[in-house]
Amino acid sequence: MNKKPIVAGNWKMNKVPSETKIYTDTILDLVGHVKSVSVILAPPFTGLFEMSVEPPFYSAAQNCHWEDSGAFTGEISINMIKDLSISYIIVGHSERRQIFNESNDWINKKVRSIITNDLKVILCVGETSNERKSGETEIVIKNQIEKGLKSISDISNVIIAYEPVWAIGTGDTASAKQIEAAHSFIRNTVRDNYDKRNDIHILYGGSVNSTNAKELIQINGVDGFLIGGASLDANSFASIIKIVDLV
Ligand code: PGA
């Protein structure tokens, strides 16, 4: 791999704020010395106040609204996130798309606003099990990328996470062949729409754990991971960080 890999932990709606500090202290004790990997921790919004880390550790929000302020009850703006010195925002996670009905249009508004605010975005894409079975994987991914990145001219602050929906939280990791094919397709789609030499990070997500991480990180085109379940336990997340640091 010719760029520094990224290991990102998406806590989803888990851990109260007081657990955040204990978790972060444990991670820094275990792997605070790593040099060859960037680590991103995405607690719920309430946990972000308790998280203070320095590179190569970063914190991330799991969502945002695209407007700076206004009458949007229950929403959090990018301004608010930026004021906490947070550098990354995850957008378009399949749970947001499916449970909260987020459209590619909304996702694009978020991505545009994040880029305008000079933050980095982790844009999640991936097909459902039915879409894969009916041979639509590439159509779905292309659509999510092209609509998600519409009107964005500079994608240097964009990271794409390939997360097949059927592999998320199921223990059913995609095969090396499926991952390599999807990552290569994503890379080519990005290159077709931007610079041919474009080399943004493409992460894999979907049942990554400390047992399969070593094999998965060696797949051609995998620049790191977006991890849900296995990021919740500091020891298991630290083992994955160590594995990626050594690759
Ligand atoms: P998982 O979740 O690692 O629990 O499969 C990944 C994700 O939702 O980002």
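Just above sits the structure.
Along each chain, the written sequence defines residue order, and numbers are assigned to residues from 1. Where local features are concerned, this predicted model is filtered to residues with pLDDT of at least 70; where side-chain atom pairs are given and counted, the filter is 80 or more; whole-chain, interface and lining totals use all residues. The side-chain numbers reported here are obtained from all heavy atoms of the structure, hydrogens and water having been left aside.

As for the pattern of salt bridges
Then, in step 1: By definition, a salt bridge exists where a carboxyl oxygen of Asp or Glu is found within 4 Å of a side-chain nitrogen of Lys or Arg. With the rule as written, the count across this model stands at 12 salt bridges.
Then, in step 2: Asp 25 is paired through a salt bridge with Lys 21; the nearest N and O atoms lie 2.9 Å apart. In this pair, Asp 25 and Lys 21 both sit in helix H1 (residues 17-31), 4 residues apart, roughly one turn of the helix.
Then, in step 3: Exposure categories follow from relative accessible area, calculated using a 1.4 Å probe and restricted to protein chains: below 20% of the type maximum is buried, above 50% is exposed, and the middle band is partly exposed. Taking the relative accessible area as the measure of exposure, Asp 25 reaches 37% and is therefore partly exposed.
Then, in step 4: Given a relative accessible area of 43%, Lys 21 falls into the partly exposed group. Strands are runs of DSSP state E lasting at least two residues, helices are runs of H or I lasting at least four, and both sets are numbered from the N terminus onward.

What about the environment of Lys 150?
Then, in step 1: Tracing the backbone through its elements, the reader meets Lys 150 in the loop between helix H7 (137-148) and strand S6 (158-162).
Then, in step 2: We call two residues in contact when some of their heavy atoms are within 4.5 Å. In this structure, Lys 150 is in contact with Asn 108 and Arg 112, ignoring residues within four places of it in sequence.

Here's the deal with the site of the ligand
Then, in step 1: By convention in this text, a residue qualifies as near a molecule or strand provided that one of its non-hydrogen atoms is within 4 Å of it. Around the ligand sit 13 residues, and of these Lys 12, His 93, Glu 163, Gly 169 and Ser 207 come closest.
Then, in step 2: Between N or O atoms, a polar contact is any pair within 3.5 Å; within protein, one atom must be a potential hydrogen donor and the other a potential acceptor, and residues adjacent in sequence are included only when both atoms are from side chains. Within the backbone of Gly 169, a nitrogen or oxygen atom sits 2.6 Å from an oxygen atom of the ligand.
Then, in step 3: Here the ligand, which alone exposes 280 Å², has 96% of that area covered by the protein.
Then, in step 4: Each residue receives one of three labels: charged for Asp, Glu, Lys and Arg, nonpolar for Ala, Val, Leu, Ile, Met, Phe, Trp, Tyr, Cys and Pro, and polar for the others, Gly being one of them. Its residues placed into classes, the shell around the ligand shows 4 nonpolar, 7 polar and 2 charged. Working definition of accessibility: Shrake-Rupley area with a 1.4 Å probe, residue cover restricted to the visible protein chains.

A closer look at the side chain of Ser 77
Then, in step 1: Tracing the backbone through its elements, the reader meets Ser 77 in the loop between strand S3 (57-61) and helix H3 (78-83).
Then, in step 2: Using a relative accessible area of 3% as the deciding quantity, one classes Ser 77 as buried.
Then, in step 3: When sequence neighbours within four positions are dropped, the list of residues in contact with Ser 77 reads His 65, Glu 67 and Asp 68.

Some details on the sheet that holds strand S1 (residues 6-10)
Then, in step 1: We call two strands paired when DSSP finds no fewer than two bridges between them. Taken together, the 8 strands give a closed barrel; going around it, the order is S1-S2-S3-S4-S5-S6-S7-S8, and neighbouring strands pair in parallel fashion. Across this sheet, the average inter-strand angle for adjacent strands is 25°, counted without regard to direction.
Then, in step 2: Sheet topology note: the S6/strand S7 (residues 202-205) ladder contains 3 bridges and is parallel. Within the sheet, the bridge partner assigned to Ile 160 lies in S7 and is Ile 202.
Then, in step 3: Here an axis means a line fitted to C-alpha atoms, over the contact stretch when the element is a helix, while the angle between two N-to-C directions is reported on a 0 to 180 degree scale. Seen against the sheet, helix H10 (residues 234-246) touches S1, strand S2 (38-42) and strand S8 (224-227) and runs at an angle of roughly 165° to S1.

Describing H10
Then, in step 1: For a helix, the expected span equals 1.5 Å multiplied by the residue count minus one. Here H10 contains 13 residues, and its C-alpha end-to-end distance of 18 Å stays within 8% of the 18 Å for a straight helix at 1.5 Å per residue.
Then, in step 2: Restricting attention to buried positions, one finds in H10 the residues Ala 234, Ser 236, Phe 237, Ala 238, Ile 240, Ile 241, Ile 243, Val 244 and Asp 245.
Then, in step 3: Buried residues along H10 sit in contact with S1, H1, S2, helix H9 (213-217) and S8.

Some points on the nonpolar core
It is characteristic of soluble globular proteins that their nonpolar side chains tend to be buried jointly.
Then, in step 1: Among buried residues, those of type Ala, Val, Leu, Ile, Met, Phe, Trp, Tyr and Cys that are joined through side-chain atoms within 4.5 Å constitute a nonpolar core. Core analysis: the biggest nonpolar cluster contains 63 residues, and Tyr 204 and Phe 225 have the highest contact counts within it.
Then, in step 2: Broken down by element, the residue count for this core peaks at 7 residues, all from H10.
Then, in step 3: Counting 13 residues, the second-largest nonpolar core is a separate cluster that includes Ile 6, Ile 122, Ile 159 and Leu 226.

Considerations on unusual backbone geometry
Then, in step 1: Following Pro 55, the chain continues to Pro 56 via a peptide bond in cis, the omega torsion being 10°.
Then, in step 2: Tracing the chain through its elements places Pro 56 in the loop between helix H2 (45-48) and S3.
Then, in step 3: Located in the positive-phi region is Asn 101, a residue other than glycine, with phi close to 55°.
Then, in step 4: Locating Asn 101 in the fold gives a position in the loop between helix H4 (94-99) and helix H5 (104-116).
Then, in step 5: One non-glycine residue, Asp 118, lies in positive phi territory at about 65°.
Then, in step 6: Relative to the helices and strands, Asp 118 resides in the loop between H5 and strand S5 (120-125).

Function cannot be read off these values alone, since they describe shape.
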